[in-house]
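Chain by chain, the residues:
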Amino acid sequence: MSILTRNRGAMLLLMLNIFLAFMGIGLVVPVLPKFISELGMNGSSMGLMVAAFALTQLLLSPLSGKLSDRYGRKKLIVFGMIIFMLSELVFGLASSVPTLFVARILGGVGAALLTPSIMAYVADVTSFEERGKGMGMINAAINTGFIIGPGIGGLLAAYGIRIPFFAAAGAAAIAAILSLLVLPESLSKEKQQYNRELPRQKENLLQQFAKSYQSPYFMGLLIVFVVAFGLANFETVFGLFVDHKYGFTPMDIAIIITTGSILGAVVQATIFGWIINRFGEKKVIHLCLAIGGLFIFLTLFAEQYVMIMLTTFIIFLAMDILRPAVSTSLSRQAGDEQGFVAGMNSSYTSLGNVIGPLIAGLLFDVHINLPYMVAAIALLACLVLSLRSKQAGEQNSMARTLE
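Read on for a plain summary of the structure. Keep in mind it's a predicted model, so treat the numbers as computed, not measured.

Some thoughts on the environment of Val226
- Note that Val226 resides in helix H10 (residues 218-236).
- Here the alpha-carbon distance between Val226 and Leu379, two residues 153 residues apart in the chain, equals 6.4 Å.
- Ignoring sequence-local partners within four residues, the contact set of Val226 consists of Ala378, Leu379 and Cys382.

Given below as structure tokens:
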């Protein structure tokens with residue numbers, strides 16, 4: 001039986017949930033510059049607001065995963081969608097900067113409840129052989145939602161700058177109702193009770209970071225952080241950058257982001273496997289770091305609309321190839337520590353998503369070009385470190401062979 005239709009179409013409903021959530025996130029991207037200008041926000045405030053979402057998600061996601069083990073996936077999925085709906089509604093109604101921060105923190109809570117629970121649900125309802133396919137479907141729904149969202153947001157903005165936020169809240173409400181009425185619980189009551197009775201283990205995130213620093217795959221995790229930092233740096237101020245520098249409208253921003261995301265997703269879906277098999281992860285990682293850093297820097301000189309779209313597409317494409325290439329490389333180095341490495345991959349990504357917007361916002365207020373200059377330098381510096389690490393590893397391997 002197809003995993004899409006099993007358990008009353010649970011996978012289809014999960015995909016709809018995550019699709020609507022990320023479409024809601026994408027909906028508001030093209031209108032944010034105009035919206036925050038109405039409230040008199042600067043780059044620093046924008047960076048703090050984006051970081052508030054990522055930091056909330058980073059801190060609460062581990063707790064959310066444990067709660068879903070003890071009380072079931074469905075409850076947290078429904079609560080996550082409800083809180084996400086409230087965050088979009090509050091954002092749309094906001095008339096002050098503190099209210100916007102409340103909305104973004106609520107959004108981080110919703111994402112923290114929703115994403116780990118959906119991933120755990122997929123693991124519950126798929127066999128070991130189907131697991132990769134199931135996770136791929138969820139990621140496809142995430143990417144599709146974020147790709148479609150900005151385009152719809154740009155269209156809705158023609159009817160009012162706050163309309164996209166209300167549309168996102170409506171989409172989340174629909175998903176929450178469908179989940180409540182149709183989605184079956186994937187974790188049995190007996191398993192939930194068993195998980196509640198397990199002794200609670202104290203996990204120190206700082207100790208995990210320290211362990212990862214001493215591991216042979218630390219360079220891969222550092223690349224994960226730098227990529228998340230650089231991309232968050234780029235995306236956080238992109239709307240402000242083209243709005244302030246070129247006067248782009250919400251529709252202009254929507255077209256650039258949507259087109260770049262679609263083309264990047266098509267390339268990733270069609271030839272990514274061939275690229276990895278043909279050139280290997282290391283070469284692909286180094287090439288993408290170089291291209292990403294170079295084209296973020298070139299964005300500063302791309303004054304025409306077509307050139308902005310072209311550079312943005314190449315940056316998105318490089319990052320879309322780089323991230324799974326790094327994840328593949330890490331998985332192959334992890335050995336028996338697959339779970340730990342996967343968790344640290346997520347933690348380093350979240351850390352980059354927190355620090356990147358903060359730095360971008362502060363730098364934007366100093367000079368409009370500084371965020372992109374720092375993002376480009378970070379990616380190129382990481383390339384140099386990775387090349388040196390590779391050379392050191394090859395020299396050590398040769399020395400062991402001679403011995």
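Focus: the side chain of Ser386
- Structurally, the position occupied by Ser386 is in helix H16 (residues 370-402).
- Among the polar contacts listed, one links the side chain of Ser386 to the side chain of His286, at a separation of 2.8 Å.
- Those residues in contact with Ser386 that lie beyond four places of it in its chain are Met219, Ile223 and His286.

Points about the nonpolar core
- Judged by nonpolar contacts, the single largest core of 72 residues is most densely connected at Phe238 and Leu289.
- Looking at this core, the element that brings in the most residues is helix H14 (residues 305-334), giving 13 residues.
- Every residue in contact with Leu289, bar those within four places of it in the chain, is listed here: Ile223, Val227, Leu322, Leu379, Leu380, Cys382 and Leu383.
- Ala10, Met23, Val125 and Ile142 belong to the second largest nonpolar core, which has 28 residues in total.

Topic: the environment of Lys245
- Looking at where Lys245 falls in the secondary structure, it is placed in helix H11 (residues 238-246).
- Relative accessible area serves as the criterion here: at 31%, Lys245 is assigned to the partly exposed category.
- Lys245 sits 58 residues away from Glu303 along the chain, and the two C-alpha atoms are 8.9 Å apart.
- In contact with Lys245, other than residues within four places in its own chain, are Leu300, Ile368 and Asn369.

Quick notes on the packing of helix H4 (residues 73-93) against helix H7 (residues 163-182)
- Viewed as axis vectors pointing N to C, H4 and H7 meet at an angle of 165°, and their least axial separation amounts to 8 Å. Compared by their axis directions, H4 and H7 come out roughly antiparallel. Handedness of the crossing formed by H4 with H7: left-handed. Together, Lys74, Ile77, Val78, Met81, Ile82, Phe84, Met85, Glu88, Leu89, Phe91, Gly92 and Leu93 of H4 and Phe165, Phe166, Ala168, Ala169, Ala172, Ala173, Ala175, Ala176, Ser179 and Leu180 of H7 make up the contact between the two elements.

Regarding the side chain of Thr56
- Mapping Thr56 onto the fold places it in helix H3 (residues 43-71).
- In this view, Thr56 contacts Ile105, Gly108 and Val109; residues no more than four positions away in its chain are not counted.

Criteria and thresholds
- Residues numbered from 1 in each chain as written.
- Predicted model: local features only at pLDDT ≥ 70, side-chain atom pairs only at ≥ 80, totals over all residues.
- Heavy atoms only, no water.
- Helix = DSSP H or I, 4+ residues; strand = E, 2+ residues; numbered from the N terminus.
- Contact = heavy atoms within 4.5 Å.
- Polar contact = N/O pair within 3.5 Å; in protein donor to acceptor, adjacent residues only side chain to side chain.
- Core = buried A, V, L, I, M, F, W, Y, C linked by side-chain atoms within 4.5 Å.
- Buried < 20%, exposed > 50% of the residue type's maximum accessible area, 1.4 Å probe, protein only.
- Axes fitted to C-alpha atoms, helices over the stretch in contact; angles between N-to-C directions.
- Parallel < 35°, antiparallel > 145°, perpendicular 65-115°, else oblique.
- Left-handed = near helix turned anticlockwise from the far one by under 90°.

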